[in-house]
Structure formats: structure tokens, C-alpha cells
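Read off the chains here:
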Amino acid sequence: MRNSRESPAKVEISFTVNGEPKKIHAYPMERLLDMLRRDLGLTGAKEGCGEGECGSCSVLIDGALVNSCLVPVLQAAGTNIVTIEGLASGRDLHILQNTFLECGGAQCGICTPGMILAAFHLLHERPEPTIEEIREGLSGNLCRCTGYSQILEAVAEAVRRRTIA
Ligand code: FES
Ligand code: FES
């Protein structure tokens, strides 16, 4: 019988990440952020605050934008996870990745994967957002570098290009 002071055993957890089925062994309460970065080598999600405040660890779980620093890995069992690594198609960057590069929306890059995933989520929900809606859609993501105007412009430019295309 397990002593109550022993740490819990690792469990097998299956999910899909960026379209690929994965099976890992992890402690149930480990953070999804750590598992993605350490076990799967998906280092796009960054740790900023580690407290659910900055959004730099954002990923999509079953289409919902979440802070992976707050998600116990067991909660991700059976889900479909998308990280920043899943947005490009091979060497072709996603339109948002291109506009962030072109508009100067990425500087040190710590917030960028989370910003782009938040923008991706917003455009899925609302394909032609106003600037105010873009600002609101990215309000859970903090940036220390850009002053935000380049980030807003990058998302607005992606909307313009999608509207024109
Ligand atoms: S590192 Fe997760 S919200 Fe800041
Ligand atoms: S680009 Fe540095 S924190 Fe946003």
C-alpha cells in the first residue's frame, strides 16, 4: 500500500499535439508547460510569470486558449493541443507569423508565441475584428518590449490580407 507521504506515481497520458498522437508518462499534477518543453521538445511556449498572468505559455486545448503553466498535465488527457510549432505548414509560416515579423511585432520574442496563438484564436472566433476587438482578444498577453502598437498592427495586417485574399 502506498504511503500517503510518497509522491504519486507517473501515469500514462495520451493526447494529440499539433496533429500527432502522443503518449507520455508524467506525474498527474506536473504542469503542461513543462511536459511540452521538456518531454516533447516543444519550446515555443515560454514561461514568463508562471502564475497565469502573462500569457507567454499560451496553447490551445480543444480550441480554447489556455495558460499551460496553470494546467496539470492530467487535464490534457484525451485532448487536442495546438502549440505555436503547429501553426506553420512545413517551411511556410502562418500569415500571423509573417505579419509579426514584418510589422516588428516580435522583439525579444518571449511573448510572441503566446501573442500569435491568442491572435490565431481570436481570428478563428472573429475573422474580421476591429482594433478594439484585437486589443481585447490579446488582453491576456503581456509584452515588455513592443509597446503593443506593432503587435496590434501585425494582427490588423493579417486581417487585411485575409480579407483581400
Ligand atoms: S507563464 Fe503562464 S501565464 Fe505567465
Ligand atoms: S517581444 Fe519581448 S516581451 Fe514581447
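Preceding block: the structure.
What counts, and where the lines are drawn
Residues numbered from 1 in each chain as written. Chains lettered and ligands numbered in written order. Predicted model: local features only at pLDDT ≥ 70, side-chain atom pairs only at ≥ 80, totals over all residues. Heavy atoms only, no water. Helix = DSSP H or I, 4+ residues; strand = E, 2+ residues; numbered from the N terminus. Rg over C-alpha atoms; globule rule 2.2 N^0.38 Å. Contact = heavy atoms within 4.5 Å. Areas by Shrake-Rupley, 256 points an atom, 1.4 Å probe, with all protein chains shown as cover. Lys, Arg positive; Asp, Glu negative; His and termini not counted. Charge placed at Lys NZ, Arg CZ, Asp CG, Glu CD. Salt bridge = Lys/Arg side-chain N within 4 Å of Asp/Glu carboxyl O. Buried < 20%, exposed > 50% of the residue type's maximum accessible area, 1.4 Å probe, protein only. Expected span 1.5 Å × (residues − 1).

Novice: Where do I start with the overall build of the protein chain in this structure?
Specialist: Tallying secondary structure elements over the protein chain gives five helices and five strands in all. Counting helices and strands in the order they occur from the N terminus, the protein chain gives β-β-α-β-β-β-α-α-α-α. Taking 2.2 N^0.38 as the reference for a compact globule, 165 residues should give roughly 15 Å; the C-alpha atoms of the protein chain span a radius of gyration of 17 Å, in line with that estimate. For the protein chain, the C-alpha atoms occupy an extent of roughly 65 × 30 × 25 Å along the three principal directions. Here the contacts in the protein chain between residues at least 6 apart in sequence split such that 54% fall between residues at least 24 apart. Surface summary for the protein chain: the accessible area is close to 9,100 Å², and the carbon and sulfur share equals 50%. Distance between charge centres in the protein chain, computed from 16 positive and 20 negative side chains, equals 5 Å.

Novice: Even after reading the chapter, I still don't get the pattern of salt bridges, so can you show me in this structure?
Specialist: Between side chains of opposite charge, pairing is possible as soon as their charged atoms come close. All chains considered together, the criterion is met by twelve salt bridges. With its nearest N and O atoms 2.9 Å apart, the salt bridge here joins arginine 161 to glutamate 157. Taken together, the residues arginine 161 and glutamate 157, both in helix H5 (residues 149-164) and four residues apart, mark about one turn of the helix. Assessed through its relative accessible area of 17%, glutamate 157 is described here as buried. Put simply, Glu102, Glu153, Glu157, Arg160 and Arg161 are held in one network by salt bridges that share partners.

Novice: Help me out: how do you make sense of H5 in this one?
Specialist: Residues lying three or four places apart along an α-helix face the same way, a consequence of the helix completing one turn every 3.6 residues. The terminal C-alpha atoms of H5 lie 22 Å apart, and with 16 residues this matches the ideal 22 Å at 1.5 Å per residue to within 8%. Regarding H5, the residues found buried are Ile151, Leu152, Ala154, Val155, Ala156, Glu157, Ala158 and Val159.

Novice: I tried to follow unusual backbone geometry on my own but got confused; where do I start?
Specialist: What you tend to see is this: most non-glycine residues have negative phi, and most peptide bonds are trans. Positive phi values are uncommon outside glycine, yet asparagine 18 reaches one of about 50°. One can find asparagine 18 in the loop between strand E1 (11-17) and strand E2 (20-26). Although it is not a glycine, aspartate 62 adopts a positive phi angle of roughly 50°. Tracing the backbone through its elements, the reader meets aspartate 62 in the loop between strand E3 (58-61) and strand E4 (64-67).

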